[in-house]
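Structural description and commentary
Read off the chains here:
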Amino acid sequence: MRVLVVYAHPCGESFNAAVRDRLLGGLSAAGHEVRVADLYAEGFDPVMGDAERRGYHAPGANEAPVAGELERLRWCEALVFVYPTWWFGLPAILKGWLDRVFVPHATFTMPTETQRPAGQLTNIVDIAVVTTCGATWLVSKFVGEPGRRTILRGIGGLCAPGGRRRYLALYRMDTVSFDKRATFLDRVDRLGRRLGA
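Each value, and the rule that gives it
- Residues numbered from 1 in each chain as written.
- Predicted model: local features only at pLDDT ≥ 70, side-chain atom pairs only at ≥ 80, totals over all residues.
- Heavy atoms only, no water.
- Buried < 20%, exposed > 50% of the residue type's maximum accessible area, 1.4 Å probe, protein only.
- Helix = DSSP H or I, 4+ residues; strand = E, 2+ residues; numbered from the N terminus.
- Pairing = 2+ DSSP bridges.
- Disulfide = S-S within 2.5 Å.
- pLDDT = per-residue confidence, 0-100.
- 1 Å grid on protein atoms, 1.4 Å probe; cavity = no way out; pocket = protein on both sides within 12 Å on 5 of 7 lines; lining within 4 Å.
- Points joined across faces, edges and corners; volume = space filled by probe spheres on them.
- Nonpolar A, V, L, I, M, F, W, Y, C, P; charged D, E, K, R; others polar.
- Salt bridge = Lys/Arg side-chain N within 4 Å of Asp/Glu carboxyl O.

1. A short note on the pairing of strand 5 (residues 164-170)
Where burial is concerned, most of strand 5 is hidden: 5 out of the 7 residues are buried. With 7 bridges connecting them, strand 4 (residues 126-133) and strand 5 associate as parallel partners. By the bridge assignment, Ala 128 is partnered in strand 5 with Arg 166.

Below is the structure:
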């Protein structure tokens with residue numbers, strides 16, 4: 001399976017970097033073909049400028065600023081996001097990636113008075129989120145886990161109908177024990193090995 005891993009953390013020594021590496025190890029062990037979009041390392045600009053926004057609805061022209069990112073989305077069959085949950089949501093660089101890359105006509109059709117928008121990324125049959133949260137499970141649920149909903153429902157709605165949707169979160173990241181971190185990394189490795197199954 002062709003897998004695109006979208007990674008968003010600025011620090012190379014972070015636990016999220018260890019999560020990414022364990023995921024890549026599991027994917028490799030399962031024989032998947034993998035590409036990584038490391039948003040910070042690649043210097044992705046999350047800011048949509050005025051000209052880009054004015055051209056947002058123009059078919060074809062709206063793809064030019066993010067052509068490389070769209071090529072990666074069209075290539076993959078599975079999409080895995082690895083990021084820290086900050087203030088209950090996505091890091092700004094990842095939210096900006098979604099804002100700029102998921103453009104109409106390329107990733108979804110625009111709605112009309114009689115038709116709802118339709119996803120154009122039917123090549124993607126599996127979406128997963130792997131994240132760390134400082135909050136507890138209960139507080140995260142109370143707030144509504146906006147990042148989870150944005151990716152699994154919003155972006156997931158643009159992908160193949162009936163595809164797999166998975167969510168792995170390590171809660172209480174700042175106080176959790178080493179053993180629980182190690183157990184979480186084992187779960188991430190298993191996710192990589194079982195993706196597509």
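2. Observations regarding the state of the cysteines
Linking two cysteines covalently through their sulfur atoms gives a disulfide. Tallying each qualifying case throughout the model produces 0 disulfides. In this model Cys 11 remains outside any disulfide bridge; the closest cysteine sulfur is found in Cys 133, 17 Å from its own. Looking at the unpaired Cys 76, the closest cysteine sulfur is the one in Cys 159, lying at 7.7 Å. Its relative accessible area of 0% is what places Cys 76 among the buried residues.

3. Focus: the confidence of the model for the protein chain
Detail in the predicted coordinates should be disregarded across regions flagged by low pLDDT. Of all residues in the protein chain, 99% have pLDDT values of 70 or greater, and the mean over the chain is 94. Least confident of the elements in the protein chain is helix 5 (residues 137-143), whose mean pLDDT is 90; most confident is strand 1 (residues 2-7), at 98.

4. Overview of the layout of surface pockets
Over the atoms, a rolled probe matching the size of one water molecule traces out where space is still vacant. By volume, the largest pocket amounts to about 160 Å³. Together, His 9, Ser 14, Phe 15, Asn 16, Pro 84, Thr 85, Trp 86, Thr 132, Cys 133, Gly 134, Met 173 and Asp 174 line the largest pocket. Of all elements in the fold, only helix 1 (15-29), strand 3 (78-85) and strand 4 reach the threshold of two or more residues within the lining of the largest pocket. Residues of the lining of the largest pocket, tallied by class, amount to 5 nonpolar, 6 polar and 1 charged.

5. Let's talk about the pattern of salt bridges
According to the stated counting rule, one finds 15 salt bridges in the structure shown. We note a salt bridge from Glu 42 to Arg 72, for which the minimum N-O separation is 2.9 Å. In this pair, Glu 42 is assigned in the loop between strand 2 (33-38) and helix 2 (50-54) and Arg 72 in helix 3 (residues 67-75), connecting sequence segments 30 residues apart.

6. What to know about empty space enclosed by the protein
Summed over all chains, the structure comprises 1 cavity of 30 Å³ or more. Looking at the largest cavity, the residues that line it are Tyr 83, Thr 85, Phe 88, Cys 133, Ser 140, Glu 145, Gly 147, Arg 148 and Tyr 167. In terms of residue class, the lining of the largest cavity is made up of 4 nonpolar, 3 polar and 2 charged.

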